[in-house]
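A look at the structure
Here are the chains, one letter per residue:
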Amino acid sequence: MPKFVVEADGGSRGNPGPAGYGAVVIDAVTGETLAEAAEYIGVATNNVAEYKGLIAGLKAARTLDPAADVHVRMDSKLVVEQMSGRWKIKHPDMKPLAAEAARILPAGQVRYEWIPREKNKHADRLANEAMDAGKKGKQWEPSRSTAELGTRARSAAPAPEGPPGDAAAGAAKARAALAASYELSAAVPEQAAPPVGWGSADLGTPATFVLLRHGETVLTPEKRFSGSGGSDPALSAVGRRQADAVATALAARGTIEAVVSSPLLRCRETADAVATRLGLEVSVEDGLRETDFGAWEGMTFAEVRERYADDLSAWLASPDVAPTGGGESFASVTTRVAATRTTLLARHPGNTVLVVTHVTPVKTLVRLALGAPPESLFRMELSAASLSAVAYYADGNASLRLLNDTSHLR
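Right, let's walk through the structure included here. (Residues numbered from 1 in each chain as written. Predicted model: local features only at pLDDT ≥ 70, side-chain atom pairs only at ≥ 80, totals over all residues. Heavy atoms only, no water.)

**Looking at the nonpolar core**
If you look at the biggest cluster of nonpolar residues, it comprises 34 residues, and the most contacted ones within it are Tyr51, Leu54, Leu58, Val70, Val72, Met83 and Tyr112. Those elements that provide at least two residues to this core are β1 (3-12), β2 (17-27), β3 (33-44), α1 (46-64), β4 (69-74), α2 (77-83), α3 (94-104) and β5 (110-114). Here the element with the most residues in this core is α1; it accounts for 9 residues. In this structure, valine 72 is in contact with Val6, Leu54, Leu58, Val110, Arg111, Tyr112 and Glu113, ignoring residues within four places of it in sequence. Core analysis: the second largest hydrophobic core is formed by 21 residues, Phe209, Leu211, Val337 and Ala369 among them. (Core = buried A, V, L, I, M, F, W, Y, C linked by side-chain atoms within 4.5 Å. Buried < 20%, exposed > 50% of the residue type's maximum accessible area, 1.4 Å probe, protein only. Helix = DSSP H or I, 4+ residues; strand = E, 2+ residues; numbered from the N terminus. Contact = heavy atoms within 4.5 Å.)

What follows is the structure, given as C-alpha cells:
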C-alpha cells in the first residue's frame, strides 16, 4: 500500500480576513513532492482556511491513490484534535468542513499528527502564496510555486538503515528528506499570516474587549485632529462627567475584570475614573495610543484640506500614506494595534477587559474583527465616551457585540 504524507495549512490576514490555504502530498518513503494545492478563498478565519487546506490535501492524495495510507501533519492543534476525535466540534462553521474531510478517505487509512509551525513551511508558504495572489485579484498558479524549492536537498539525505522495504527504514528516509526540506526552506523569506495570540484551542469562554473611547477634550467638539503627536489635552469638564457616567454604568454591570489604557492623558483620566469605581488597577499599553497626525495635529479637516490638499487626498485614498510632516499611516497603526490585541488576548484569556483608547484604535479593532477593508475606518461613527465590544474565541473567530453605545450618557 502506498504511503503518503499530507501537510496542510491555512491562514487569514485579519482573522477573519483575506484567507488562503496550501497543501502538499509527499511520498513517505522517498520524500518526493507528489502534488501541491493552494487557493485564495476570500474572507475567512484561520480555522476555516486550515480545514480547507486539509480537504484539498486529502483530495489530492485520493486522486494519486485512493488506497494509500495517509499521514496528515498540521500545525493546527484544533484541526488535528477534532479530526482525531479527541475534541468535540462545537463551532457551526467547522462541522460541515470536518464532515467533508472525513468522507474523502476511509477513517482507517488516515492518521493525524500535530507538528510545530516551523516544520510545516511547505504548506505555509503555499497558503501565503495563495493569499498574495488573492491580494492582486488572482488565484494561485502551480507554475508560480516556490514552496517546493526546499525539497531540492533531499538527494543529500543519509541512506536509511535496514533491509529494503523495511517500514522503519522507509520512515527514517522520509524523516531525513523532510528534515532537509525544512532546513532549506527556512532560508527562503516568507510572509506569514498574522498570529491571533491564542495559546489554547479550547473554545470556552471568549475574551471580550469592551472598547471605550475617552471622554471629550476641548478639541473634541471642534472636530480637530488630536493624535499622539499633538498637545495631549486633558478631559474637559464635559469629558469628566462622561467618564463618571461610564464608570457608573460599568459598575452596575459588574463584568469588567481588568482595565488597560492608552498612555495619553485623556484616556488615562477616563480609565482612572472607571477603575477607581471598580476597585481595579489601570495597565498602560503604548500600542493603544492614537494615530500621530503629524502637521495636521490641532487642525480641523477643512483647515487641512486648505493647506495640504494633495496630501489629504493621498491619505484618504491609501492606508499606506502618512499625514504631512512625518505622521503615522493607518497601515502602521493597524500593525501596532493588532500586535497589542495579540498581547492582551494572551494576557487575559477568557476575561472581560475594558480597553480605554481612541477613535482609530477602536475602529481598527472593529474592522479587523469584521474582516472589513481599510476604507471602512471612514464609515463608522464613534462618539466620545462611547462603548463598543468585541469577543474573541479560541478558534480565532471574533464577534462584534456592540458599536458606539452612548446610552449611559443620556
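Further notes follow.
**Brief notes about the packing of α1 against α3**
Two elements in contact, α1 and α3, have axes whose closest approach is 9 Å; the angle formed by their N-to-C orientations is 15°. One way to sum up the angle between α1 and α3 is to call them roughly parallel. In this structure, α1 meets α3 at a crossing whose hand is left-handed. Here α1 contributes Asn47, Val48, Tyr51, Lys52, Leu54, Ile55, Leu58, Lys59 and Arg62 to the contact with α3, which in turn contributes Met94, Leu97, Ala98, Glu100, Ala101 and Ile104. A per-class count over the contact of α1 with α3 returns 10 nonpolar, 1 polar and 4 charged. (Axes fitted to C-alpha atoms, helices over the stretch in contact; angles between N-to-C directions. Parallel < 35°, antiparallel > 145°, perpendicular 65-115°, else oblique. Left-handed = near helix turned anticlockwise from the far one by under 90°. Nonpolar A, V, L, I, M, F, W, Y, C, P; charged D, E, K, R; others polar.)

**Side note on the sheet that holds strand β8 (residues 282-284)**
Overall, mixed pairing links the 6 strands, which are arranged β8-β7-β9-β6-β10-β11 in an open sheet. Both edges of this open sheet fall to β8 and β11 (398-405), since each of them pairs with a single strand only. Going across the sheet, the axis of each strand differs from the next one's by a mean of 20°, ignoring polarity. (Pairing = 2+ DSSP bridges.)

**Looking at the packing of aromatic side chains**
Scanning the entire structure with this criterion turns up 9 aromatic pairs. Relative to tryptophan 296, the ring of phenylalanine 225 has its centre 5.6 Å away and its plane inclined at 55°; by these criteria the two rings are tilted. Here phenylalanine 225, found in the loop between β6 (207-213) and α6 (237-253), pairs with tryptophan 296, found in the loop between β8 and α8 (301-307); they are 71 residues apart in sequence, far enough to count as distant. For the pair formed by phenylalanine 225 and tryptophan 296, the shared burial category is buried. By the ring-pair criterion, three or more aromatic residues cluster together here, those being Phe225, Phe293, Trp296, Trp315, Phe330 and Phe378. (Phe/Tyr/Trp six-rings, centres within 6.5 Å; stacked < 30°, edge-to-face > 60°.)

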